[in-house]
Every structure is written in structure tokens, then in C-alpha cells.
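# Notes for the structure review
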Amino acid sequence: MPTKPNELYNILFNKFGPQNWWPIDKKHHINNKSDPRFEIIIGAILTQNTSWLNVEKALENLKNNIILDIDNIINCNKRKLQKLVQPSGFYKQKTDRLIIISRYLKDNYNNNLSQFFNRDTQTIRRELLSLNGIGYETADSILLYAGDKPVFVVDAYTKRICSRIPFKTDLDYDSIQCFFQKQLSKSFSKKDLTRVYNELHALIVVLGKNYCKKKPLCNICPIKDNCKKILF
DNA sequence: GTCCAGGGCCGTT
DNA sequence: AACGGCCATGGA
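Residues numbered from 1 in each chain as written. Chains lettered and ligands numbered in written order. Predicted model: local features only at pLDDT ≥ 70, side-chain atom pairs only at ≥ 80, totals over all residues. Heavy atoms only, no water.

## So, the protein's contact with DNA strand B
Close to DNA strand B lie 26 residues, the nearest being W22, E137, T138, Y157 and R160. Within 4 Å of the protein, the contacting atoms of DNA strand B are drawn from sugar and phosphate to the extent of 68%. Within the backbone of N49, an N or O atom sits 3.1 Å from a sugar or linking oxygen of DNA strand B. One of the side-chain N or O atoms of R160 is found 2.8 Å from a phosphate oxygen in DNA strand B. Of all the secondary-structure elements, those providing two or more residues to the surface near DNA strand B are α7 (91–109), α10 (136–146), α11 (156–164) and α13 (193–210). Among the residues making up the surface near DNA strand B, the classes are represented as 10 nonpolar, 10 polar and 6 charged. (Near = heavy atom within 4 Å. Polar contact = N/O pair within 3.5 Å; in protein donor to acceptor, adjacent residues only side chain to side chain. Helix = DSSP H or I, 4+ residues; strand = E, 2+ residues; numbered from the N terminus. Nonpolar A, V, L, I, M, F, W, Y, C, P; charged D, E, K, R; others polar.)

## Here's the deal with the environment of P216
Residue placement: P216 occurs in the segment after α13. In this structure P216 comes out as buried when scored by relative accessible area, which is 14%. The spatial distance from the C-alpha of P216 to the C-alpha of K229 is 9.4 Å, given a sequence separation of 13 residues. (Buried < 20%, exposed > 50% of the residue type's maximum accessible area, 1.4 Å probe, protein only.)

## With respect to helix α4 (residues 52–65)
Its 14 residues give α4 an end-to-end C-alpha distance of 20 Å, which sits within 8% of 20 Å, the value for a rise of 1.5 Å per residue. Along α4, the positions that sit buried rather than exposed are W52, V55, A58, L59, L62 and K63. Along the axis of α4, the buried positions cluster into a sector of 135°, meaning they face one direction only. For α4, the exposed residues lying more than 90 degrees away from the buried face are L53 and N64. The inward-facing, buried residues of α4 abut α2 (26–32), α3 (36–46) and α6 (78–85). (Expected span 1.5 Å × (residues − 1). Arc of directions from axis to C-beta. Contact = heavy atoms within 4.5 Å.)

Function-wise, these values are silent; they only describe arrangement.
Structure (C-alpha cells):
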């Protein structure tokens, strides 16, 4: 029997424990009465093909200069915003993307994220994907981690791990997402799916960062007995 | 110095 | 549909 997603989840959870994503700065939002969901949206854009360490530097810059909310992104001088975003790389396009989604949320939802998220998941997803700079992974990260929607996020680590185990799925985004959601729906009750998708994606990132790297560390990998790609 | 990171867009086949 | 070039920074 080939390894299945719920087994991957169990192994990684037992090994690494709960990850409690998405990482946010709670103090900032308590002190300023700002919406932590917006920081998740910002972080999802800033982390596009970028290490989280660099994203943290940009988020620090932002929080040291402006309270993290929609209006402050829109009203901030663009050059200044670019300077703050710079450590996360691709800073010009990322600055534009922050402004685009902020404008969108202001113009269409009056800065009300509860109103934005309190709708059909696929409708929200289509809207996010229509924005320049929001692709599948960014949209789904926002839906899962900010919107608390049962949507499985596929990233480069997920694709790499799927190809190595290997799972019985094609390796394009939709195929992998569909595969995980279908399989995990069989193994977990509906009320647990959001939490499971949340944890599993975070756990996959831990595995991909530390073991299933481009040059994999198969000999010490926690899933080596459930994976065919032994190459150390 | 080289490689890589929690992608997405756009132009070319 | 699939692929390549491009966008940029900082840590390992």
C-alpha cells in the first residue's frame, strides 16, 4: 500500500507537533486594534518565492512605521512603502500587489474583512485570483489562514514531496490540491478539515525546509520508511 | 562566489 | 498547455 496523505499528516504531526500557523504579531494587533487577518494577507504576498526570514524583516519595517491596516497601505507614500518592503525582495511588484489588494478590499468591502470572508469560498477564491499578483497559492493561503476556509495549500515543497514519495497524482496545482482534499476528507471529519489542512501545509513546510530539500537528507528524514526516493 | 527561498506574470512556442 | 525569463533580497 502506498503512503497516503493522512499517514503523512500523522507522521509529521507526531514528529514535529502542532505548528499553529499563520505566524503573526499578536501584540501589534492588540495594541493597535488592527485585524490580524490583514497581516496574513500581507505576509502571503511578501513570502512569494522568498524566505520567511526576509519577510519578517519587511513586516518589522512596516509595523515600525505604520499600523498594519488597509488604509495605511493605501495612504503610505509609494516610495516609502517600497523601502519598507525591500528586504523581502521583488519589492516593486510586491508593493504594487499590497496596494492592489488593499484598494480592492477598501473599494468593494469597505475595509471589512469579515464581510469579505463571510461568503462562498469559491466566490472569494475567484475574486482573489482575478487580482494581479494573487495566484493559486497566495489565494489559497489567504483563504485557509486568514479566512479559516477548508482549502488545502499547495506550494513548491508539496510538489517536491509528492513527486518523491510518490503520491498517485499529477503534479500540477489543481491535481495535487484535489488529491489531498479528496483523500483527507475520507480520513477526517468535516469539522476537522480546516485544522488538518492548516497543520499539514505547515508541517510540509517544516519537512521541505529541513529534510526534503532540493538536496534531500533522506537518511535522517522522518518519512524515509514511507518514501521511495531514497537518495543520500 | 553560488544556491536558494512558504510565486506569479508575461511573452514565446 | 507548457516553458523560460524576469522580478531582488539576505542567509547558509
